[in-house]
Amino acid sequence: MGIVMGPNQYGKAEVRIVSVNRDTPRHTIKDLTVSTSLRGDLDAVHLAGDNSKCLPTDTQKNTIYAFAKEAPIGEIESFALRLGRHFVSTAEGISGARILIDEYSWERIPVGGTGHDHSFVRGTDEKRTTAVTIDGDKEYVVSGLRDLVVLKSTGSEFWGYPKDKYTTLAETRDRILATAVTARWRYLHTDVDWAKSFESIRATMLEAFATTHSLALQQSLYEMGKAALEKHPEVAEVRLSLPNKHHFVVDLSFCGLDNDNEVFYAADRPYGLIEGVVTRDDVEEAPRAWYSLPEF
Ligand SMILES: O=c1[nH]c(=O)c2[nH]c(=O)[nH]c2[nH]1
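Residues numbered from 1 in each chain as written. Predicted model: local features only at pLDDT ≥ 70, side-chain atom pairs only at ≥ 80, totals over all residues. Heavy atoms only, no water.

## Section: the overall build of the protein chain
Point 1. Within the protein chain, the secondary structure is distributed over six helices and ten strands.
Point 2. Overall size of the protein chain, expressed as C-alpha extent along the three principal axes, is 75 × 70 × 40 Å.
Point 3. Surface summary for the protein chain: the accessible area is close to 16,400 Å², and the carbon and sulfur share equals 53%.
Point 4. For the protein chain, the separation between the mean place of its 34 positive charges and that of its 44 negative charges on side chains is 3 Å. (Helix = DSSP H or I, 4+ residues; strand = E, 2+ residues; numbered from the N terminus. Areas by Shrake-Rupley, 256 points an atom, 1.4 Å probe, with all protein chains shown as cover. Lys, Arg positive; Asp, Glu negative; His and termini not counted. Charge placed at Lys NZ, Arg CZ, Asp CG, Glu CD.)

Written as structure tokens, this is what we have:
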């Protein structure tokens, strides 16, 4: 019997970077959290502490900052591909890289018609995300979003489920349906207008959430993924993680009042967690694209 080193990766996690484009007096900003992970011939550092092929995580961090200065960051997918390709092509023994980026939204402070030139207000909590994986000569881009909070005040039912001696939930033909969408979708190639594709997939999933008369959050999940795939041939699969943000009708009978789905108690936990993969049935699976990704 022997003991061997299994799969591993290493890098700098959660590098915070804010980049200001000052080319004109009307500045633009990018606010990102970037994580790098390198993979490859790393037995020596694990087995013997031999660092000769261990590009320091500190250098990885510096590379992120330098790359942001050497050329415009652009879309997060392009920046992640630039970084990943750099590490794999220049670092000895490194054959793979995973670059994770979360982008935070800033909006111009609404001063004058088009907003202030260099003053911004943090947008919503929603993050745009990408996870780029380079594995030898293969490249995978999985983009998405997190914390997109949505709610339907009607158009949602939940009934017809099995009952047993532990069941207390009442069937409902009308309830609030609310969730914070985490979605990631895998692109089939890298020849993509990343910003346009992101905006359209987001809008398509929102429309599907709104227009689906939901008999279960699971059904809404499927409809959201399906709508995105139908409209976006460049996408192979969509993975969704949807916490069911329960809203309970408050019993106002103690003071003789009816409550016709007007006053709710918004519970923060526990919550149902509805997760699923919506995929084309004619594409190859890509487990490497998803390996060790948060939430999936
Ligand atoms: O849309 C729902 N799906 C469930 O699986 C579930 N379970 C539950 O208690 N409420 C709900 N709602």
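Additional details are given in the paragraphs that follow.
## With respect to the domain arrangement of the protein chain
Point 1. Once the domains are mapped, the protein chain shows domain 1 (1–136) and domain 2 (145–291).
Point 2. The centre of domain 1, based on its C-alpha atoms, is set 29 Å off from the matching centre of domain 2.
Point 3. With 17 residues of domain 1 at the contact, the number on the domain 2 side is 14 residues.
Point 4. Between domain 1 and domain 2 the total buried area reaches about 1,500 Å² when both faces are included, carbon and sulfur atoms providing 45% of it.
Point 5. Taken together, domain 1 and domain 2 are joined by four salt bridges.
Point 6. Note that D102 is salt-bridged to R146, the shortest N-O span being 2.1 Å.
Point 7. Along the contact surface separating domain 1 from domain 2 lie seven residue pairs in polar contact (both at pLDDT 80 or more). (Domains from an automatic or database assignment. Contact = heavy atoms within 4.5 Å. Buried area = accessible area lost by both parts, 1.4 Å probe. Salt bridge = Lys/Arg side-chain N within 4 Å of Asp/Glu carboxyl O. Polar contact = N/O pair within 3.5 Å; in protein donor to acceptor, adjacent residues only side chain to side chain.)

## Describing the packing of helix 4 (residues 194–211) against helix 5 (residues 217–231)
Point 1. For the pair helix 4 and helix 5, interaxial distance at closest approach is 8 Å and the crossing angle is 140°. It follows that helix 4 is oblique to helix 5 by the angle criterion. Judged by the twist between their axes, the crossing of helix 4 over helix 5 is right-handed. Note on element contacts: helix 5 touches helix 4 through E223, M224, A227, A228 and K231, opposite S200, I201, T204, M205, A208 and F209.
Point 2. Looking at the contact of helix 4 with helix 5 residue by residue, the class counts come to seven nonpolar, two polar and two charged. (Axes fitted to C-alpha atoms, helices over the stretch in contact; angles between N-to-C directions. Parallel < 35°, antiparallel > 145°, perpendicular 65-115°, else oblique. Left-handed = near helix turned anticlockwise from the far one by under 90°. Nonpolar A, V, L, I, M, F, W, Y, C, P; charged D, E, K, R; others polar.)

## Focus: the site of the ligand
Point 1. The ligand sits among F158, L169, R175, A216, L217, Q218 and N244.
Point 2. When the ligand sits alone it has 290 Å² of accessible area, and the protein chains cover 71% of it.
Point 3. Taken together, the residues that form the shell around the ligand break down as four nonpolar, two polar and one charged. (Near = heavy atom within 4 Å.)

## Examining the packing of aromatic side chains
Point 1. The full count for this structure, using the stated rule, is four aromatic pairs.
Point 2. Here W185 and F198 contribute two aromatic rings whose centre-to-centre distance is 6.0 Å and whose plane-to-plane angle is 35°, an arrangement assigned as tilted. Taken together, the positions of W185 in strand 6 (residues 177–187) and F198 in helix 4 put the pair 13 residues apart, joining distant regions of the chain. Side by side, W185 and F198 carry an identical accessibility label, which is buried.
Point 3. Ring centres of W290 and F296 lie 5.9 Å apart, and the angle between their planes is 70°; this geometry places the pair in the edge-to-face category.
Point 4. A residue is classified by how much of its surface remains accessible, and W290, at 4% relative accessible area, is buried.
Point 5. Sitting over the face of the ring of F198, R128 holds its NZ or CZ atom 4.8 Å from the ring centroid.
Point 6. Note that K163 overlies the ring of Y161, its terminal NZ or CZ placed 4.5 Å from the centroid. (Phe/Tyr/Trp six-rings, centres within 6.5 Å; stacked < 30°, edge-to-face > 60°. Buried < 20%, exposed > 50% of the residue type's maximum accessible area, 1.4 Å probe, protein only. Lys NZ or Arg CZ within 6 Å of the ring centre and 35° of its normal.)

## Quick look at the nonpolar core
Point 1. Judged by nonpolar contacts, the single largest core of 53 residues is most densely connected at V34, F79, V181, W185, M205 and L240.
Point 2. With seven residues, helix 3 (residues 76–90) is the single largest residue contributor to this core.
Point 3. Residue assignment places this core across two domains, with domain 1 (1–136) and domain 2 (145–291) each supplying three or more.
Point 4. Residues in contact with W185, not counting those within four places in the same chain, are V141, V142, S143, G144, L145, F198, I201, M205, V235, E237, V238 and W290.
Point 5. One finds V142, A286, W290 and L293 within the second-largest nonpolar core, a separate group that totals seven residues. (Core = buried A, V, L, I, M, F, W, Y, C linked by side-chain atoms within 4.5 Å.)

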